[in-house]
Amino acid sequence: MAREIHDTLAQTFAGIIIHLGAAERVIAANPEQAQGHMKTVCELARSGLAEARRSVESLRPQVLEDGDLYSALKQIAQQMSSDTDNRTIVEVVGTAYSLPLEVENNLLRIGQEALTNTFKYAKATAIKIELVYETSKFILRVKDNGQGFDTESICFRNGFGLLGMRERADRINAQLTVNSRPGNGTEVIVSVNR
């Protein structure tokens, strides 16, 4: 339950904080841009509230109820990157196929955590999300051109977000890899057998 709250409400609040900070920085110089940020904050808050209500009934994310993994990740990426200078690309490689609901749910939350971390910490200008459908396995890749970090640092190894991603990957028998180096961006890869 803690992981679900972290991956829904905490992610929504993080998005709200990001956009409120952006609005605060531009409110005097560019009121129209600040209004755009405030509109996004309202959308995120409504979305978070709906997700919280829905989570009480079922732990399946609303964005998956309304579509597939690709459209869910694209929607999250668009919400997080609206009114920013980040160029975010979401693409499918191969022919898409259905994955079990639990697998999709956990992949969505891993991808969402990777995106949130990118927007909060990476200072990236480009983010690429790939959903790779191979014959024998599915791969989710989230890559940014941000500042990167030391994967041996205690903050990285002991962070709740990473712990949640690892637990989710373990739950669906997936392999999780995080590649990063200071100054060279970050790549999160989740691979699960079909």
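Data block above holds the structure.
So, here's what we can say about the structure. Quantities reported herein were computed from a predicted structural model and do not represent experimental measurements.

Cut-offs applied
Residues numbered from 1 in each chain as written. Predicted model: local features only at pLDDT ≥ 70, side-chain atom pairs only at ≥ 80, totals over all residues. Heavy atoms only, no water. Buried < 20%, exposed > 50% of the residue type's maximum accessible area, 1.4 Å probe, protein only. Helix = DSSP H or I, 4+ residues; strand = E, 2+ residues; numbered from the N terminus. Pairing = 2+ DSSP bridges. Right-handed = clockwise from strand over helix to strand, strands pointing away. Axes fitted to C-alpha atoms, helices over the stretch in contact; angles between N-to-C directions. Contact = heavy atoms within 4.5 Å. Salt bridge = Lys/Arg side-chain N within 4 Å of Asp/Glu carboxyl O.

Another aspect to go through is the pairing of strand 2 (residues 126-133). Remark: a regular strand shows side chains that alternate across the two faces of the sheet. Counting buried positions over the eight residues of strand 2 gives seven, a clear majority of the element. In the sheet, strand 1 (residues 87-93) pairs with strand 2 via seven bridges, with the strands oriented parallel. Bridged to Arg87 within strand 2 is Ala126. Once you follow strand 1 into helix 5 (residues 101-122) and on to strand 2, the crossover reads as left-handed. Relative to strand 3 (residues 137-144), strand 2 runs antiparallel, the two being bridged by seven bridges. Residue pairing for strand 3: Ile127 is matched across the bridge by Asp144. Where strand 2 folds back onto strand 3 in an antiparallel hairpin, the turn is made up of three residues.

Moving on, we get to the sheet that holds strand 5 (residues 186-193). With respect to topology, five strands assemble into an open sheet ordered 1-2-3-5-4, the strand pairing being mixed. Looking at which strands have only one partner, the edges of the open sheet turn out to be strand 1 and strand 4 (174-180). Across the sheet, the mean angle from the axis of one strand to that of its neighbour is 10 degrees, orientation sign disregarded. Strand direction decides the pairing type here: strand 4 and strand 5, joined by seven bridges, are antiparallel. By the bridge assignment, Asn179 is partnered in strand 5 with Glu187. In the packing of helix 4 (residues 69-81) onto the sheet, the strands contacted are strand 1, strand 2 and strand 3, and the crossing angle to strand 1 comes to about 175 degrees. Along the sheet, helix 5 contacts strand 1, strand 2, strand 3, strand 4 and strand 5; its crossing angle with strand 3, the most-contacted strand, is approximately 10 degrees.

Let us now look at the pattern of salt bridges. Here the structure, examined in full by the defined rule, presents four salt bridges. Put simply, Lys128 and Glu130 hold a salt bridge, and the shortest N to O gap is 3.4 Å. Owing to a relative accessible area of 34%, Lys128 belongs among the partly exposed residues under this scheme. Glu130 gets classed as buried once you look at its relative accessible area, which sits at 13%. In this structure, the salt-bridge partner of Arg141 is Glu187, at a minimum N-O distance of 3.2 Å.

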